[in-house]
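Each chain, letter by letter, is given below.
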Amino acid sequence: MDADVRRRLIELLRTQSSAALATLHKGEPAISMVPVALAADGLLIHVSDLATHTRDMREHPRVSLLLMGEAGELPQARPRVSIAGEAVFIDKETPAYDAARAIYLARFAQAAMTFGLADFSLVRIAPQSARYVAGFAQAHALGGPDFMTLLREAAT
């Protein structure tokens, strides 16, 4: 991956605030939309226990996120990154929760109210691998360590 492609991936991660979340629901694939914030150790989502995707992640923590950039002339040329990872529920009684909450609220200040609700959880999606499509016929596979390096840079 050259420097320009790397820069565009970091920009995509920084600018996209929502993602498609793929989970396993009763043995079938399911997709929902979630707001997403970047952290140096993964991507953060704040979810309600009332949502089926939350129950899905508790039962099957392997998930995927898809972040997409703006549409171009051809749908196939739309930049996107698909991230395979593990959903890790962050314990509310830990310093990690306080740090993740601050990061999430820095991006979504309007979510402050939901942090007071007992049924909401912060989940870190710990990336295992990623596939970045920079445009038509421009796909790049990234292993976990390589993607984490990019994510840390994007989160700063």
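Draft legend 1. Quick look at the packing of aromatic side chains. On inspection of all chains with the given rule, the structure shows three aromatic pairs. Centre to centre, the rings of Tyr 104 and Phe 108 are 5.0 Å apart; their planes meet at 45 degrees, and the pair counts as tilted. Phe 108 shares its class with Tyr 104; the two are buried. Put simply, the rings of Tyr 97, Tyr 104, Phe 108 and Phe 115 touch in pairs and so form one group of aromatic residues. The ring of Phe 89 has Arg 58 lying over it, and the distance from NZ or CZ to the ring centre is 4.0 Å.

Draft legend 2. Seen up close, the environment of Ala 139. On the secondary structure map, Ala 139 appears in strand β8 (residues 139–143). Taking the C-alpha atoms as reference points, Ala 139 and Val 81, 58 residues apart in sequence, are found 9.5 Å from one another. When sequence neighbours within four positions are dropped, the list of residues in contact with Ala 139 reads Arg 131, Tyr 132 and Val 133.

Draft legend 3. Just the pairing of strand β4 (residues 42–48), in detail. Most of β4 is tucked away: seven of the seven residues are buried. In the sheet, strand β3 (residues 37–39) pairs with β4 via three bridges, with the strands oriented antiparallel. The residue bridging Ala 37 from the neighbouring strand is Leu 44, located in β4. Here six bridges tie β4 to strand β7 (residues 120–133), and the two strands are oriented antiparallel to one another. The residue bridging Leu 43 from the neighbouring strand is Ile 125, located in β7.

Draft legend 4. The pairing of strand β2 (residues 28–35), seen in detail. By the bridge criterion, eight bridges tie strand β1 (residues 18–25) to β2 in an arrangement that is antiparallel. Bridge assignment links Ala 22 to a residue of β2, and that residue is Ile 31. Counting the residues between successive antiparallel strands, the hairpin from β1 to β2 contains two residues, one of them, Lys 26, with a positive phi of roughly 55 degrees.

Parameters at a glance
Every residue gets a number counted from 1 within its own chain, in the order that chain's sequence is written. Per-residue local features of the predicted model are confined to residues with pLDDT of at least 70, and side-chain atom pairs are confined, for both listing and counting, to 80 or more; whole-chain, interface and lining totals are unaffected and use all residues. Excluded from the side-chain calculation are hydrogens and water; included are all heavy atoms of the structure. When two rings of Phe, Tyr or Trp (its six-membered ring) have centres within 6.5 Å they constitute a pair, described as stacked for plane angles under 30 degrees, edge-to-face for angles over 60, and tilted for the intermediate range. Buried, partly exposed and exposed residues are distinguished by accessible area as a fraction of the type maximum, computed with a 1.4 Å probe on protein chains only: under 20%, between the cut-offs, and over 50%, respectively. Placement of a positive charge over a ring is assigned whenever Lys NZ or Arg CZ falls within 6 Å of the ring centre and within 35 degrees of the normal to the ring plane. Under the scheme used here, helices are H or I runs from DSSP no shorter than 4 residues and strands are E runs no shorter than 2 residues, and both carry numbers assigned from the N terminus. Residues count as neighbours in contact if any of their non-hydrogen atoms are within 4.5 Å of one another. Being paired, for any two strands, means DSSP has found at least two bridges between them.

Just geometry here; none of it tells us what the structure is for.
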